[in-house]
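A structural walkthrough
One-letter residues, chain by chain:
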Amino acid sequence: MGRVFVVTGVTGFLGKVVLAELLRRREELGLDRALLLIRPKGPFGAQERFRREVQPSACFGRLPGDWRDAVEVVSASLDRPGLGMEPAVHQSLTRRATHIIHAAASVDFGLPLEAAAVSNIATTLNLLETARACPGLAALVCVSTAYVTPHRSADQVVPEALAPLPEPAEAIHAAILEGRVNQSELLARTGHPNTYTLTKSLAEHLAVRQRGQVPLVIVRPSIISATRERPFPGWIDSGSGFAAFVLLLGLGHMRAVIADPEARLDLVPADAVS
């Protein structure tokens, strides 16, 4: 025992499954504490959001009743330097952390480029900066997406490598920050269908190049859907992605789907990702 896992994104679907699995496998993983970085939102602080959005979830229903004793909620704003924490709180976190799992992201495909860059690039780089300050860090795990590589054909092979970009990621990122980019033109040049996949690709490039000695792992799931086995088969609390099709078809709102019957559905269960 003694490992301290810092986890982002626990108010989201995948983040809940990750936390539930960490707690279920607590003894096996040697987990002492899970530090949950939660952003205050509107009138609700981090603790209140945990009580409202995380703690009551059925995802944790099969854990021992004292599972909350292994959890600490930390108020954090990932898009700010130092994660928006008081220096003493940030220093305590870096001193204790052995693992960081970054599962937070904005999956809004329609976000303007500048906003998507904050949600998906700034947050990753700020966490990377925090990881550098952790003397006992064994791994920084960042959840990306399979679609960082533009899919141009059904039989395209996607290697486990950084997706090619028309120019260095640093130059593209700088141009975005300085407001010198035409969003449509940039997407056409990179081949990405939306700002989400583009900024996720840029985040990968920048994290790899700036990691220094940080032990970095990038996980690239495809379309995350309901769990296969844990916490129990079929659990999902998100209406995004493929779940929206299932919901609309099941409720009778969608009567027909125009699609290629030979297309492969790139779905992956959330517990497989976790």
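This text goes with the structure placed above it.
Residues numbered from 1 in each chain as written. Predicted model: local features only at pLDDT ≥ 70, side-chain atom pairs only at ≥ 80, totals over all residues. Heavy atoms only, no water.

1. Structural notes on the overall build of the chain
For clarity, the cut-off: Put simply, DSSP H or I for four residues or longer makes a helix, DSSP E for two residues or longer makes a strand, and each gets a number counted from the N terminus. This radius of gyration counts C-alpha atoms alone. The globule rule is 2.2 Å times how many residues there are, raised to the power 0.38. Only protein chains enter the area calculation, which uses a 1.4 Å probe; residues under 20% of their type maximum are buried, those over 50% are exposed, and those in between are partly exposed. Every residue pair with non-hydrogen atoms within 4.5 Å of one another is taken to be in contact. For the area figures, the Shrake-Rupley method with a 1.4 Å probe applies, and any residue is considered shielded solely by the protein chains shown. A positive count includes Lys and Arg, and a negative count includes Asp and Glu. His and the chain ends are not counted in either. Here the site of a charge means atom NZ of a Lys, CZ of an Arg, CG of an Asp or CD of a Glu.
Secondary structure summary: the chain contains 10 helices and 8 strands in total. A globule of 274 residues ought to have a C-alpha radius of gyration of about 19 Å, and the chain, at 19 Å, matches this closely. Viewed in the frame of its principal axes, the chain has a C-alpha envelope of about 50 × 45 × 40 Å. For the chain, the residues scored as buried account for 43% of the 274 residues in total. Pairs at least 24 residues apart make up 79% of the contacts formed inside the chain by residues separated by at least 6 positions. Entry remark: accessible area of the chain is about 14,300 Å², with carbon and sulfur atoms responsible for 52%. Here the chain holds 28 positive side-chain charges and 27 negative ones, and the gap between their average locations is 4 Å.

2. Some thoughts on the side chain of T94
Which entries qualify depends on this criterion: Identification of polar contacts relies on pairs of N or O atoms within 3.5 Å, with a donor-acceptor requirement for protein atoms, meaning one able to donate a hydrogen and the other able to accept it, and with residues adjacent in sequence counted only if both atoms are side-chain atoms.
Summarising the element assignment, T94 is placed in helix α4 (residues 87-96). The exposure class assigned to T94 is buried, which follows from its relative accessible area of 6%. A polar side-chain atom of T94 sits 2.9 Å from the main-chain carbonyl oxygen of Q91. Setting aside residues up to four positions removed in sequence, T94 forms contacts with T130, A133, C134 and P135.

3. Things to note about unusual backbone geometry
Excluding glycine, a negative phi dihedral is what most residues carry, and trans is how most peptide bonds are arranged. The residue after R230, namely P231, is reached through a cis peptide bond having omega 10°. One can find P231 in the loop between β7 (223-225) and α9 (242-250).

4. Observations concerning the pattern of salt bridges
Going by this rule: For salt bridges, the criterion is a side-chain nitrogen of Lys or Arg within 4 Å of an Asp or Glu carboxyl oxygen.
Taken as a whole and assessed by the stated rule, the structure comprises 14 salt bridges. The salt bridge involving E48 is made with R52; its shortest N-O contact spans 2.8 Å. A residue pair is termed a helical-turn pair when its members lie 3 or 4 positions apart in one helix, as E48 and R52 do in helix α3 (residues 46-54) at 4 residues. The partner of R180 in a salt bridge is E178, with the nearest N and O atoms 2.5 Å apart. We note that R180, like E178, is exposed.

5. Regarding the environment of T149
Relative to the elements of secondary structure, T149 occurs in the loop between β5 (139-143) and α6 (169-177). A relative accessible area of 8% means that T149 is categorised as buried. Along the chain, T149 and N120 lie 29 residues apart, while their C-alpha atoms are 16 Å from each other. Leaving out residues up to four positions away in the same chain, T149 has contacts with Q156, V158, A163 and R220.

6. Side note on helix α1 (residues 13-24)
Convention followed: Helix span, as expected, comes to 1.5 Å for every residue beyond the first.
Between its first and last C-alpha atoms α1 spans 17 Å; for 12 residues at 1.5 Å apiece the expected length is 16 Å, and the two agree. Burial in α1 covers these residues: F13, L14, G15, K16, V17, V18, L19, A20, E21, L22 and L23.

7. Focus: the packing of aromatic side chains
Threshold: Aromatic pairs are defined between Phe, Tyr and Trp rings, using the six-membered ring for Trp, whenever the two ring centres lie within 6.5 Å; interplanar angles under 30 degrees are classed as stacked, those over 60 as edge-to-face, and all others as tilted.
A full pass over the atoms with the stated rule returns 5 aromatic pairs. Measuring from centroid to centroid gives 6.3 Å for F50 and W67, while their planes differ by 65°, and the two rings are edge-to-face. Of the two residues, F50 sits in helix α3 while W67 sits in the loop between α3 and β3 (71-75), which places them 17 residues apart along the sequence. Residue class for W67 comes out buried when judged on its relative accessible area of 7%. Taken together, the ring pairs in this structure connect F50, F60 and W67 into an aromatic cluster.

8. Considerations on the pairing of strand β2 (residues 31-38)
This is how the line gets drawn: In this scheme, strands are said to pair when DSSP sees at least two bridges between them. Whether a crossover is right-handed comes down to one check: with the strands pointing away from the viewer, does the path from the first strand over the helix to the second run clockwise; if it does, it is right-handed.
β2 sits mainly inside the fold: 6 of its 8 residues count as buried. Sheet topology note: the strand β1 (residues 3-8)/β2 ladder contains 6 bridges and is parallel. In the sheet register, V7 faces β2, and the bridge partner there is L36. A crossover links β2 with its parallel partner β3, the connecting element being α3, and its sense is right-handed.

9. Looking at a nonpolar patch on the surface
The condition that has to hold: Note that patches include only residues with greater than 30% relative accessible area and no salt bridge, and the join distances are 9 Å for like charges and 5 Å for nonpolar side chains (Val, Leu, Ile, Met, Phe, Trp, Tyr).
Residues I223, L265 and L267 make up a contiguous nonpolar surface patch of about 240 Å² in total accessible area. In this structure, L265 sits in the loop between α9 and β8 (267-269).

10. Focus: the pairing of β5
Where burial is concerned, most of β5 is hidden: 4 out of the 5 residues are buried. Where strand β4 (residues 99-102) lies against β5, 4 bridges are found, and the strand directions are parallel. Across the sheet, residue I101 finds its bridge partner in β5, namely V141. Regarding the hand of the β-α-β motif, the stretch spanning β4, helix α5 (residues 113-132) and β5 is right-handed. Of the pairings in the sheet, the one linking β5 to strand β6 (residues 216-219) comprises 4 bridges and is parallel in character. Bridging across to β6, C142 finds its partner in I218.

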